[in-house]
Amino acid sequence: MQPFEENDWSTNVDVLDEVVETDVHNLVVFNDDVNSFDHVIATLIDVCAHTPEQAEQCTLLIHYKGKCSVKNGSWDELVPMRNEICRRGINAEVLN
(Lines give C-alpha, C1' and ligand atoms only; values in the text may rest on other atoms or scores of the structure.)
Protein backbone atom coordinates (compact mmCIF):
# COMPACT_ATOMS: atom_id res chain seq x y z
CA MET A 1 0.00 0.00 0.00
CA GLN A 2 1.35 3.39 -0.99
CA PRO A 3 1.24 6.38 1.34
CA PHE A 4 -1.42 9.02 0.75
CA GLU A 5 -0.24 11.80 -1.54
CA GLU A 6 -2.01 15.03 -2.12
CA ASN A 7 -3.13 15.27 -5.75
CA ASP A 8 -3.88 18.37 -7.76
CA TRP A 9 -7.61 17.64 -7.69
CA SER A 10 -7.73 17.72 -3.89
CA THR A 11 -6.28 21.23 -3.64
CA ASN A 12 -8.30 22.71 -6.49
CA VAL A 13 -11.71 23.37 -4.98
CA ASP A 14 -14.33 25.70 -6.41
CA VAL A 15 -16.10 27.77 -3.80
CA LEU A 16 -19.50 29.33 -4.25
CA ASP A 17 -18.95 33.06 -3.91
CA GLU A 18 -22.52 34.18 -3.41
CA VAL A 19 -25.61 32.55 -2.01
CA VAL A 20 -28.79 33.74 -3.67
CA GLU A 21 -31.88 33.17 -1.58
CA THR A 22 -35.03 32.53 -3.53
CA ASP A 23 -38.37 32.85 -1.90
CA VAL A 24 -40.38 29.96 -3.33
CA HIS A 25 -44.01 29.66 -2.28
CA ASN A 26 -46.63 26.99 -2.92
CA LEU A 27 -50.14 27.52 -4.23
CA VAL A 28 -52.18 24.96 -2.30
CA VAL A 29 -55.75 24.01 -3.22
CA PHE A 30 -57.96 22.44 -0.54
CA ASN A 31 -60.73 19.87 -0.83
CA ASP A 32 -64.38 20.74 -0.34
CA ASP A 33 -67.74 19.04 -0.76
CA VAL A 34 -69.09 21.65 -3.16
CA ASN A 35 -67.05 21.78 -6.37
CA SER A 36 -67.09 19.06 -9.00
CA PHE A 37 -64.00 17.35 -10.34
CA ASP A 38 -64.64 18.90 -13.75
CA HIS A 39 -64.82 22.43 -12.30
CA VAL A 40 -61.54 22.03 -10.38
CA ILE A 41 -59.81 20.47 -13.40
CA ALA A 42 -61.00 23.26 -15.70
CA THR A 43 -59.87 25.88 -13.17
CA LEU A 44 -56.37 24.41 -12.87
CA ILE A 45 -56.06 24.29 -16.66
CA ASP A 46 -57.25 27.89 -17.07
CA VAL A 47 -55.54 29.53 -14.10
CA CYS A 48 -52.36 27.50 -13.58
CA ALA A 49 -51.75 26.46 -17.21
CA HIS A 50 -51.82 22.78 -16.26
CA THR A 51 -52.16 20.09 -18.89
CA PRO A 52 -55.42 18.12 -18.60
CA GLU A 53 -53.50 15.15 -17.16
CA GLN A 54 -51.69 17.30 -14.60
CA ALA A 55 -54.93 18.99 -13.55
CA GLU A 56 -56.67 15.62 -13.17
CA GLN A 57 -53.85 14.23 -11.03
CA CYS A 58 -53.86 17.31 -8.79
CA THR A 59 -57.64 17.09 -8.45
CA LEU A 60 -57.42 13.45 -7.36
CA LEU A 61 -54.79 14.36 -4.76
CA ILE A 62 -56.96 17.22 -3.53
CA HIS A 63 -59.91 14.84 -3.19
CA TYR A 64 -58.10 11.96 -1.48
CA LYS A 65 -55.41 13.82 0.52
CA GLY A 66 -57.40 16.96 1.35
CA LYS A 67 -55.03 19.35 -0.41
CA CYS A 68 -52.42 19.60 -3.13
CA SER A 69 -49.66 22.05 -4.01
CA VAL A 70 -50.66 22.87 -7.57
CA LYS A 71 -47.99 25.47 -8.42
CA ASN A 72 -44.66 26.74 -7.07
CA GLY A 73 -43.32 30.23 -7.61
CA SER A 74 -42.88 33.70 -6.23
CA TRP A 75 -45.47 35.41 -4.04
CA ASP A 76 -46.19 37.96 -6.77
CA GLU A 77 -46.76 35.22 -9.35
CA LEU A 78 -49.00 33.04 -7.17
CA VAL A 79 -51.27 35.59 -5.45
CA PRO A 80 -53.21 36.51 -8.64
CA MET A 81 -53.67 32.79 -9.36
CA ARG A 82 -54.90 32.19 -5.82
CA ASN A 83 -57.33 35.09 -6.11
CA GLU A 84 -58.75 33.75 -9.39
CA ILE A 85 -59.10 30.22 -8.00
CA CYS A 86 -60.94 31.61 -4.96
CA ARG A 87 -63.11 33.79 -7.22
CA ARG A 88 -64.24 30.55 -8.86
CA GLY A 89 -65.35 29.20 -5.48
CA ILE A 90 -62.39 26.95 -4.71
CA ASN A 91 -60.41 27.32 -1.48
CA ALA A 92 -56.71 28.03 -2.06
CA GLU A 93 -53.82 29.63 -0.19
CA VAL A 94 -50.26 30.70 -0.93
CA LEU A 95 -47.96 29.08 1.64
CA ASN A 96 -44.22 28.97 2.31
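A.B. asks: So what exactly am I meant to see when it comes to helix 2 (residues 37-48) here?
C.D. replies: One full turn of an α-helix is made of 3.6 residues, so residues set three or four places apart face in the same direction. For helix 2, which comprises 12 residues, the first-to-last C-alpha distance of 16 Å matches the rise-based estimate of 16 Å (1.5 Å per residue) to within 8%. The complete set of buried residues in helix 2 reads Val40, Ile41, Thr43, Leu44, Val47 and Cys48. Taken end-on, helix 2 shows its buried residues confined to a sector of 160 degrees, consistent with a single buried face. In this structure, helix 2 carries Asp38 and Asp46 as exposed residues pointing more than 90 degrees from its buried face. On its buried face, helix 2 is in contact with strand 1 (25-30), helix 3 (52-65), strand 2 (67-73) and helix 4 (75-87). At the C-terminal side of helix 2, Ala49 shows a positive phi close to 60 degrees.

Analysis parameters
Residues numbered from 1 in each chain as written. Predicted model: local features only at pLDDT ≥ 70, side-chain atom pairs only at ≥ 80, totals over all residues. Heavy atoms only, no water. Helix = DSSP H or I, 4+ residues; strand = E, 2+ residues; numbered from the N terminus. Expected span 1.5 Å × (residues − 1). Buried < 20%, exposed > 50% of the residue type's maximum accessible area, 1.4 Å probe, protein only. Arc of directions from axis to C-beta. Contact = heavy atoms within 4.5 Å.

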